[in-house]
Amino acid sequence: MTNARLRLSEIHKAFGATLALRGVSLEVSAGEVHAVVGENGAGKSTLMNILSGALAPDRGTLELDGRPFAPADTLEARRHGVVMIHQELSLAPHLSVWENIMLGAEPHTAGWLHRREAKARARAALAQLGHGHLDLDAPAGSFSIATRQVIEIARALRAEPRVLIMDEPTSSLTQADAEKLFGVIRQLRDRGVGIIYISHFLEEVKRVADRFTVIKDGQSVGTGAIAEVTQANLVRLMVGREVTDLYPRSGATRGKVVLEVKNLHAGQRLSQASLTVAEGQIIGIAGLIGAGRTELVRALFGLDRCEGGVVTLESRTLTNPNPRVAWASGLGFLSENRKEEGLMLPLSIAENAILPKLGKFSRWGWIDRGKARDATRDWIAHLGIKAREPGQRVGELSGGNQQKVALARLLAYPARIFLLDEPTRGIDVGSKAQIYGLIAGLAREGRSVVLVSSYLPELFGMCDRIAVMRRGELVESRDTAAWTEASLMSAAIGTAA
Amino acid sequence: MNARNLLAKLGPFIGLLLVIALFSVPTEVRGYFLTYANFKIILTQTVIVAIGALGMTLIIVSGGIDLSVGSTIAFSGVVGALLIQRGWPTAAVVGVVIVSGAGIGLLNGVAIAGLRMMPFIITLGTLSIVRGAAQLLANNETVNYDSSPINEWMTTPDQAGWSLPAGAWILLGLAVATALFLRQTVLGRHVFAIGSNEATARLCGVRTVRTKIMIYTAAGALFGLAGLMQLSRLRVGDPTVAVGLELDIIAAVIIGGASLGGGVGTVLGSMIGAFIMAVLRNGSGQMGWPTSVQQIIIGVVIIAAVFLDRLRQAK
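Residues numbered from 1 in each chain as written. Chains lettered and ligands numbered in written order. Predicted model: local features only at pLDDT ≥ 70, side-chain atom pairs only at ≥ 80, totals over all residues. Heavy atoms only, no water.

> If you had to explain the interface of chain A and chain B to someone new, which residues and values would you point to?
Contacts between the two partners involve 20 residues from chain A, matched on the other side by 21 residues from chain B. Taken together, the connections running from chain A to chain B amount to one salt bridge. Elements with a minimum of two residues in the side of chain A that touches chain B: α2 (74-79) and β8 (112-113) of chain A. At three residues, the largest contribution of residues to the side of chain A that touches chain B is made by α2 of chain A. (Contact = heavy atoms within 4.5 Å. Salt bridge = Lys/Arg side-chain N within 4 Å of Asp/Glu carboxyl O. Helix = DSSP H or I, 4+ residues; strand = E, 2+ residues; numbered from the N terminus.)

> Kindly report on a nonpolar patch on the surface, identifying the contributing residues and their values.
Together, W112 of chain A together with W169, L172, V176 and L180 of chain B make up a nonpolar patch on the protein surface, roughly 510 Å² of accessible area in all. Among the elements that take part in the nonpolar patch, helix α7 (residues 166-184) of chain B stands out by supplying four residues, more than any other. Along the chain, the position of W112 of chain A falls in strand β8. A residue is classified by how much of its surface remains accessible, and W112 of chain A, at 41% relative accessible area, is partly exposed. (Patch = residues over 30% accessible without salt bridge, like charges linked within 9 Å, V, L, I, M, F, W, Y side chains within 5 Å. Areas by Shrake-Rupley, 256 points an atom, 1.4 Å probe, with all protein chains shown as cover. Buried < 20%, exposed > 50% of the residue type's maximum accessible area, 1.4 Å probe, protein only.)

> Give a description of unusual backbone geometry that names residues and reports values.
Residues and elements named next belong to chain A. Across the junction of Y413 and P414, the peptide omega takes the value -10°, indicating a cis bond. Within the secondary structure layout, P414 lies in the loop between α14 (399-412) and β21 (417-421). Although it is not a glycine, D65 adopts a positive phi angle of roughly 50°. If you trace the backbone, D65 turns up in the loop between β4 (59-64) and β5 (67-68). With a relative accessible area of 33%, D65 lands in the partly exposed category. Unusually for a residue other than glycine, E422 sits at a positive phi of about 50°. Position of E422 relative to the elements: it lies in the loop between β21 and α15 (429-444).

> Got a sec to walk through the packing of helix α4 (residues 69-85) of chain B against helix α11 (residues 245-255) of chain B? Specific residues and values, please.
All names here are of chain B. Relative orientation of the contacting elements α4 and α11 amounts to 120°, with a least axis distance of 6 Å. Here α11 runs oblique to α4, going by the angle between their axes. Contacts between α4 and α11 involve V69, G70, S71 and I73 from the former and L245, E246 and I249 from the latter. Considered class by class, the residues forming the contact of α4 with α11 number four nonpolar, two polar and one charged. (Axes fitted to C-alpha atoms, helices over the stretch in contact; angles between N-to-C directions. Parallel < 35°, antiparallel > 145°, perpendicular 65-115°, else oblique. Nonpolar A, V, L, I, M, F, W, Y, C, P; charged D, E, K, R; others polar.)

> Can you explain the environment of L343 of chain A? Please cite residues and give values.
Residue and element names in this part refer to chain A. Along the chain, L343 falls in the loop between α11 (338-342) and α12 (349-354). Along the backbone, L343 and V405 are 62 residues apart, and their C-alpha atoms lie at a distance of 8.4 Å. For L343, the contacting residues outside a window of four places in its chain are R338, N352, V394, Q402, V405, A406 and R409.

Written out as structure tokens, the structure reads:
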């Protein structure tokens, strides 16, 4: 094992009294895709911040190609060819594509920019990813999330990386875009780049990685060849317990129709959708990113303006719904954008969880803080939220726990029809299993769930019925048993199955 | 998309034409308003705000703000007047005044970037500190001096002739230099990157702290120069001058299409923004409208400009 490109031995890191890492070892060879898996809060982010130079370890050593590697900052790590692609896309939205790719490494003479050369190099990096046709002068913010990710990877490639760290690269990609990304990853691997691949999607890890290391509670607890491990074993290593049934079936009997949508039309992204949802039913909305799935649930909740169509909620017709009316009518909406829209990160768990029903916790406009805290404490216990107290800031929680707070808001109201947009995006396996359990429980109680997801196993595992959207249209809806992954993907892409 | 881009670029221009057209209609002022002599007056009236707007464009594009401009202008004027009083040569006066402006900018930049404090709050503090310092330095009275070549920067020997005052040429040169800097240099593009997404800029190895300190310092130097222009116009060092001028300067940049959120803005836009306000003031003056009415009009124009910008960005 002397030919490791990057070797970490016994890395320790503490934040105050919290031991984030207490002995992590990891070896990545050149030309290898190495998966790092673990629950959120296991210490992966800390580890990656150390690798990318953002943090220095308290103890332990890093070696790059046999030499000690102690980057003072991300810039120095990058200069050594260790480049990180973050989970949260980090582009400057106002700058053009080429400027984003070349940012920090612009070719120049005495500070004078060589625009043509910069563009040529940006174009070359994009071409390696099969996106040489992108408009280099368009602002990066004008592209879809998938394309923005391509731009970000191009930026990493421009630096001729020796080690590329990818943190949840597919969490906001559709299946088709993820496939393209896998192709790129294999191509990079074959060129000798060492790739560290962090993901919660174990199916993906199985497909794309060569080796793996499992991190649990700040320690590396297992490593080996991917081919020799089963998904169930990985999960057991990660959570230290057997997760037998990730997707609990609700087994709910379907009741009367509670929500009926006819020819809903809202803006350019949603041209036509019809849908019925019954009591106790979990209905999935599948489709590529940009197919209008988010727009559908947003329009139903009154966040976007409906331009046509009829929404009937428990035999009452909603005209021009707005979120306030939607809450009052028993709808609950979980935004796909947890950090920017779903939650108020600087505020407390209590404030986040009870916001829509502050009225119930107040008298004459005065909030009864004790009552609010008690109620929030119940939700923290009920949902297994890892938090110190109801007054803790939501921003301090891990992604999975943040999502549970967002769900607590819907449960606390209480909503009868749950519009969940990518509820498990970017969260750990343990929290996922809990959220799945929760959704199934809702259905058993006779509540209804509309589940928007880009992750097919989740849709197939959870839903009674799956509707597929394509280019702003809800094109087909079938019982889950009548779909196959292949037929569903063809419906989403628009090719004959 | 291209049509919208064009509209976005031409927006401030159209605004300027509209304002000029507005004052070209009433017969009582039309005759004089559109003359070259009046254009010269407007241009001269714009110089101080426009030079300030150059610095402010750098700051606003980088996602910051500077409220201490008016105070810096007064302070620089007082410093300049005191030095002239003591018989310093003009070149030294100009150099020291610009450096003193840059020094105030440096302090702002270090506090904002180095100590990571909010630009709004820091410069709200320096607004007061620098104004107080100017008054202290001037002993609470205007600083008089006999004469200086600086006095001639804002006038031409022949009031009606074609030649432009030195101040206008200095403004033009600085505007071209700032525009080239923002557009053609690596540092200039980093100003945009920081304003658009500072975390990303840092991640990509942009020296954000150093760049931000540089931005505030360079802007401070420009504000110092604007102070000299003010001195040239008043011909005394007045520590109470330019109160609230920062708002005019910020307004010029915003009317010119910059976003207070950072990442967006052009020198040309800011210059037109400054010009629009000067035209409004000049035209209103000729119409005999009181300053109270001018204030209201300028307020409406600022809101209208931002509203139009919002319309442009919405699909």
